[in-house]
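# Analysis of the macromolecular model
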Amino acid sequence: MRFPYQLCTRWNLRMALCMALLGWLGQTAHALESVQLQLKYLHQFQFAGYYTALEKGYYRDAGLDVQIVEGHSGNEPLDNVLSGKSQFGVGSSSLLLERNAGKPVVVLGVVFQHSPYVLLAPQTGPTQGIHDIKGKRVMMAAQSEELIAYLKQEGIKESDIIRVEHSFNPRDLMDGKVYGFSAYATNETDMLDQAGFAYQAYTPRSVGIDFYGDNLFTSEQEIATHPQRVKAFREASMRGWQYAMAHPEEITDLILSKYSQRNTRAHLLYEARQMAALLQPVLVEMGYMNPGRWQHIGAVYSDLGMLPKNVSLKGFLYDPDPRPDLRWLYLGLAVAALLGAVLWLVHVKRLNRERQSAQERIQASEERLAFALDGAGYGVWDWDIASGVVLYSQRWRAMHGFTKDDVPDTVAGWEQRVHPDDVPRVKAAVQDCFSGKTDVFTNEHRALCKDGSWKWVLDRGTVVSRDAQGKPRRMVCTHADISARKEQEELLRHLNETLEQRVAERTAELVTTIDQLKQTQASLVQADKLASLGALVAGVAHELNTPIGNSLTVASTLENQTKGFAEDVAKGLTRSALDAFVSSAREGTDILMRSLHRAADLVSSFKQVAVDQTSAHRRRFNLEHTVDDILLTMGPTIRRTSHQVVTHIPAQISLESYPGPLGQILTNMVNNALLHGFEGREHGTIRIAAEMQGVDHVKITVHDDGVGIARDNLARVFDPFFTTKLGRGGSGLGLNIAYNLVRDALGGQIQVDSAPGQGTTFTITLPLTAPTLDAHTASVSLPL
């Protein structure tokens, strides 16, 4: 009879405790407690769960009056929660760094199971990479330390970039104000896509940095002072998130009507779709966080020198259901306390086993989904190696035209559909992965389709679980259709073979042509020792075109009038016809003579320039006259632009030097200014001036009032083949040739001064008497 009595006593005790607890809760449920939630940024779907909890009454049901406050810089959550202005905030994985720095923050639950942080850059070409960001301006938001960790992992120090304040406006990236732009893959990418802006997105996950994204946090003080309020707020918030992700369109309309119309409905729905893959609301309980995952995040920070080794998580992760401390109930009940303690320990052990089992299942779900996300758009197969059971995704079956009933859930269902010729190679690759010889199983092979055809596929996977002896227990793989790529590879191979044949034929033709040109050149040199006049010929032709054209027109007119005069003579010449013919002939003869005299003057000027530029002849010449003759030959080139060339050269300066190289130097500099100096400007001026330097040197300056040269390019302007307009008229040799001629042929010095927006000045200092060149130097340095 004692046992029933003890049982009754324990039952009465428990009932009394429950009634006391309910009474205490009832007293606190009448008045709503006011709390504040500080967001990271402006209102958008990123915070949809909190709006839902407020508008659906979940916070009110929990006894809370919640005020949701927007953020701007991203620093407000940490500052306001620590100061007590806000009780709760939205943070990121960087809170682990703040905790280690001595700030008493506590993470209540994780919302984003994977971080949406990416680093955006304008798309520049096929060889673009993350290291192009060095030396560039980058906008990096607060709480984006995982991006800093990513750059360090890639060998890029924070000092390698120019970090500027974040504007959170993607237009700054599109306008070229910055090269790097930290962003959420759920948000700014849609804005860039809508604008048609080509960009490159770099994610930390590409180097194995897979951090948690947004989380909900508070302070140690808030938990110690208001533990029930913290628990109620967390539960209501996660309930709001569960509803928001299940009803994205409803919550989108809620945001637009009550919070912000800054973003369009289409953009908010885009954000919701992108967030679904990062939150995993179906597979992972809202707010769940894995301590092992946090340890991994700490280890990554530690490897990069951002945290000490083996950082402790004690007190950092909130436990919504801590083990109750009931020791005070058992102090006066010796036997009952002992029995209760034993029962409680048994119960706790069972709970721990159940929790550990649940965590293992959730972790397995995380690994499966993470791997599937990495192969976005691919089929997935999950192999339980011990049982031989394989789970094939719907996409895997559809890729080959199969339904669920067509392929058994066994490894044989996969092996039987591998092409017989590929089976040995596939099995060898699997075995290498099992044995640890390779970390990743990768194989390209042919797979059978339902219609009997073969499709090229790429299987890529890894062993995600091993037993205590290291034997594989589970393997997850992606399955991609690469038939189109294989067809392109075959087409490319064929084109390469054809290309090689065509290149060989063209090379043979080129060799023959070069031999013919060499023979022709040798004949011309032997016969008349003529040299190519290059661009001079074009100038001569253009300048002579007008007088010679006029002469041809007058001569043609006289020819026609002479024929008419002969017909008049045959019919009977009249006095008036004779006078008209004589008058017309006299006028035509005058025009003809003026035009021919003009042509003769031009030929005389061009002749001297031609002799200078096609020989290594040294002579005394007047600098002013020589520059005028050079600009005369460039007249057509200059007149095709809207720019002008002016000179200021004293008439008394004469040199004993090589006018040919000097002409080529000035020609190259004027051409360089016309091509590069005035981009985006309608009118510009090039000034050529000279003045004596002492008694035996002259300084020549060529200045343009154009856009100037960028500082990074200034030291390279004289390098061979350096040009900013490759393929658009620039060869990159003009200034290099000018540099060599000044130093080697004329015995002088040349330098350049420029600044963006302030024009460019080339300064050439030459001796009045040039050094005598030996035969080798003359053949290398002087123009032909």
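Residues numbered from 1 in each chain as written. Predicted model: local features only at pLDDT ≥ 70, side-chain atom pairs only at ≥ 80, totals over all residues. Heavy atoms only, no water.

### Describing the sheet that holds strand 12 (residues 389–392)
Spelled out, the test is: A strand pair is defined by DSSP finding two or more bridges across the two strands. The numbering of helices and of strands both runs from the N terminus, where a helix is a DSSP run of H or I of at least 4 residues and a strand a run of E of at least 2. Lines fitted to C-alpha atoms define the axes, with helix axes restricted to the stretch in contact, and inter-axis angles between N-to-C directions lie between 0 and 180 degrees.
Pairing in this open sheet of five strands is antiparallel, and the strands run 12-11-15-14-13 from one edge to the other. Strand pairing shows two members of the sheet lacking a second neighbour, strand 12 and strand 13 (441–448), which therefore form its edges. For this sheet the average axis-to-axis angle between neighbouring strands, irrespective of direction, equals 25 degrees. Two elements, strand 13 and strand 14 (residues 454–466), share eight bridges in a ladder whose sense is antiparallel. Looking across to strand 14, one finds that F441 is bridged to G461.

### Regarding the side chain of T760
Heads up, the condition is: Polar contact is the term for a pair of N or O atoms within 3.5 Å; when the atoms are in protein, one must be able to donate a hydrogen and the other to accept it, and sequence-neighboring residues count only if both atoms are side-chain atoms. Contacts are residue-level and defined by heavy atoms, with any inter-residue pair within 4.5 Å sufficient.
Residue placement: T760 occurs in strand 22 (residues 760–767). A distance of 3.0 Å separates polar atoms of two side chains, one belonging to T760 and the other to S754. For T760, the contacting residues outside a window of four places in its chain are V702, H703, D704, G708, I709, V752, D753 and S754.

### A closer look at the environment of F434
Keep this limit in mind: Relative accessibility under 20% of the residue-type maximum defines a buried residue, over 50% an exposed one, and the middle range a partly exposed one, all with a 1.4 Å probe and only protein chains included.
With respect to the secondary-structure elements, F434 resides in helix 18 (residues 423–435). Residue classification places F434 among the buried residues on the basis of a relative accessible area of 16%. Distance from F434 to V463, taken between C-alpha atoms, is 7.1 Å for residues 29 residues apart in sequence. When neighbours within four sequence positions are excluded, F434 is seen to be in contact with W383, I385, V463, R466, P472 and M475.

### Describing the confidence of the model for the chain
Applied cut-off: The pLDDT value expresses, per residue, how confident the predictor is, ranging between 0 and 100.
For the chain, per-residue confidence averages 83 on the pLDDT scale, and residues scoring 70 or more make up 84% of the total. This model gives residues 20–29 a pLDDT under 50, and the stretch forms one contact once residues within four places in sequence are excluded. Within the model, the stretch residues 524–532 combines pLDDT values under 50 with six contacts to residues more than four positions away or in other chains.

### Quick look at the sheet that holds strand 22
The sheet built from five strands is open, its strands ordered 17-19-20-22-21 with mixed pairing. Single-partner strands in this sheet number two, and they are strand 17 (644–648) and strand 21 (749–754). The sheet shows a mean angle of 15 degrees between the axes of neighbouring strands, taken without regard to direction. In this sheet, strand 19 (residues 685–693) lies alongside strand 17 in parallel orientation, the contact comprising five bridges. Opposite Q644, over in strand 19, you have T685 as the bridge partner. Along the sheet face, helix 22 (residues 623–633) touches strand 17, strand 19 and strand 20 (697–704) and points at about 170 degrees away from the line of strand 17.

### A word on the nonpolar core
Selection rule: What makes a nonpolar core is a set of buried Ala, Val, Leu, Ile, Met, Phe, Trp, Tyr and Cys residues whose side-chain atoms join them at distances within 4.5 Å.
Counting residues in each nonpolar core, the largest one holds 42 residues, and the members touching the most others are L623, V698 and I700. Those elements that provide at least two residues to this core are helix 22, helix 24 (659–677), strand 19, strand 20, helix 26 (734–745), strand 21 and strand 22. With seven residues, helix 24 is the largest single contributor of residues to this core. With near-sequence residues (within four places) excluded, L623 lies in contact with I649, I653, L655, L662, A690, V698 and I700. The next biggest cluster of nonpolar side chains, apart from the first, holds 41 residues, and it includes L96, L147, Y202 and I209.

### Digging into the packing of helix 2 (residues 48–55) against helix 11 (residues 248–258)
Put simply, the test is: Here is the rule for angles: anything less than 35 degrees is roughly parallel, anything more than 145 is roughly antiparallel, 65 through 115 is roughly perpendicular, and the remaining ranges are oblique. In this count, Pro and Cys sit with the nonpolar residues alongside Ala, Val, Leu, Ile, Met, Phe, Trp and Tyr, while Asp, Glu, Lys and Arg are called charged and the others, Gly among them, polar.
Where helix 2 meets helix 11, the axes come as close as 10 Å, and the angle between the chain directions of the two elements is 80 degrees. As the angle between them shows, helix 2 and helix 11 are arranged roughly perpendicular. Contact residues: A48, Y51, T52 and E55 in helix 2; I251, L254, I255 and K258 in helix 11. Per-class residue counts for the contact of helix 2 with helix 11 are five nonpolar, one polar and two charged.

### Let's talk about a nonpolar patch on the surface
Operational definition: Residues enter patches when their relative accessible area tops 30% and they take part in no salt bridge; the joining distance is 9 Å for like charges and 5 Å for the nonpolar side chains Val, Leu, Ile, Met, Phe, Trp and Tyr. Here the Shrake-Rupley method, with its probe set to 1.4 Å, supplies the accessible areas, and only the displayed protein chains count as covering residues. Salt bridges are counted wherever a side-chain nitrogen of Lys or Arg sits within 4 Å of a carboxyl oxygen of Asp or Glu.
Among the surface-exposed residues, L338, V342 and V346 lie close enough to one another that they form a single nonpolar patch of about 290 Å² accessible area. Following the sequence through the fold, V346 ends up in helix 15 (residues 334–374). Look at V346 and you get exposed, because its relative accessible area is 53%.

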